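So you can see what is in the structure, the chains are spelled out below.
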Amino acid sequence: QVQLVESGGGLVQAGGSLRLSCAASGLTFSSYAMGWFRQAPGKEREFVAGISRRGGTTGYGASVKGRFTISRDNAKNTVYLQMNSLNPEDTAVYYCAASRAPVFVPNNRDQYDYWGQGTQVTVSS
């Protein structure tokens, strides 16, 4: 049974930082590209960041580029999202996802095979 479990969310002031983690189990982690998405109330799920199987290629959504960094540790079956310079518009539930697509297009939600339950990030002004 595949499980993706996010952690590290919480309440932070504007300008602060958080580091999200997503621990994977039940799959061969290094065979999956990974992504982070987020969804704010009343909005569609939005691509945040993606990383290839070995971590050599990353991609970011326009609204987070330069502030967020995605990374992975295949030995620990974990993907991370370092979030800096947070602002209230970053408030959302953050989800990690795993993709085994042969050609990884990180912002394509349909390519992802498994999703976590999400972790809440709230940024106060």
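Numbering of residues starts from 1 in every chain and runs along the sequence as written. Local features in this predicted model are restricted to residues of pLDDT 70 or higher, and side-chain atom pairs are both shown and tallied only at a pLDDT of 80 or more, whereas totals for entire chains, interfaces and linings draw on every residue. Computation of side-chain values: all heavy atoms of the structure, hydrogens and water removed.

### A short note on the overall build of the protein
Assigned secondary structure in the protein consists of 0 helices and 11 strands. Only DSSP runs of H or I covering at least 4 residues are called helices, and only runs of E covering at least 2 are called strands; the numbering of each starts at the N terminus. Along the protein, helices (α) and strands (β) appear in the sequence β-β-β-β-β-β-β-β-β-β-β when read from the amino end. Based on C-alpha atoms, the radius of gyration is set beside the globule rule, defined as 2.2 Å times the residue count to the power 0.38. The C-alpha atoms of the protein give 13 Å as radius of gyration, which agrees with the globular expectation for 125 residues (14 Å, within 12%). Each principal axis of the C-alpha distribution contributes one length, and for the protein these read about 40 × 25 × 25 Å. Counting every position in the protein, which comprises 125 residues, the buried fraction comes to 43%. Contacts in the protein between residues at least 24 apart in sequence constitute 58% of all its contacts with a sequence separation of at least 6. As displayed, the protein offers around 6,400 Å² of accessible surface, 44% of which is attributable to carbon and sulfur atoms. When charges are tallied, Lys and Arg are placed among the positive residues and Asp and Glu among the negative ones, while His and the ends of the chain are skipped. In this description, the location of a charge corresponds to atom NZ of lysine, CZ of arginine, CG of aspartate or CD of glutamate. The positive charge centre, built from 12 side chains, and the negative charge centre, built from 8, are 7 Å apart in the protein. Classification of residues uses two cut-offs on accessible area relative to the type maximum, computed with a 1.4 Å probe and protein chains only: under 20% is buried, over 50% is exposed, and between them is partly exposed. The contact criterion used is simple: two residues touch if any of their non-hydrogen atoms lie within 4.5 Å. Under the convention used here, a 1.4 Å probe and the Shrake-Rupley method define accessible areas, while residue burial counts only the protein chains that appear.

### Digging into the environment of Ala62
In this fold, Ala62 is placed in the loop between strand S6 (58–60) and strand S7 (68–73). Along the backbone, Ala62 and Phe47 are 15 residues apart, and their C-alpha atoms lie at a distance of 9.1 Å.

### Some thoughts on the packing of aromatic side chains
Put simply, two rings from Phe, Tyr or Trp (the six-membered ring, in Trp's case) pair if the centres are within 6.5 Å, and we call them stacked under 30 degrees between planes, edge-to-face over 60, tilted for the rest. Counting across every chain of the model gives 6 aromatic pairs. When the centroid spacing of 5.1 Å and the interplanar angle of 85° are considered together, the rings of Phe37 and Tyr112 count as edge-to-face. A residue pair is termed long-range when its members are at least 10 positions apart, and Phe37 in strand S4 (residues 33–39) and Tyr112 in the loop between strand S9 (92–99) and strand S10 (114–115) qualify at 75 residues. Neither residue differs from the other here; Phe37 and Tyr112 are each classed as buried. Both rings, one in Tyr112 and one in Trp115, keep their centres 5.7 Å apart while their planes meet at 55°; by these two values the pair is tilted. Among the residues examined, Trp115 registers a relative accessible area of 27% and is labelled partly exposed.

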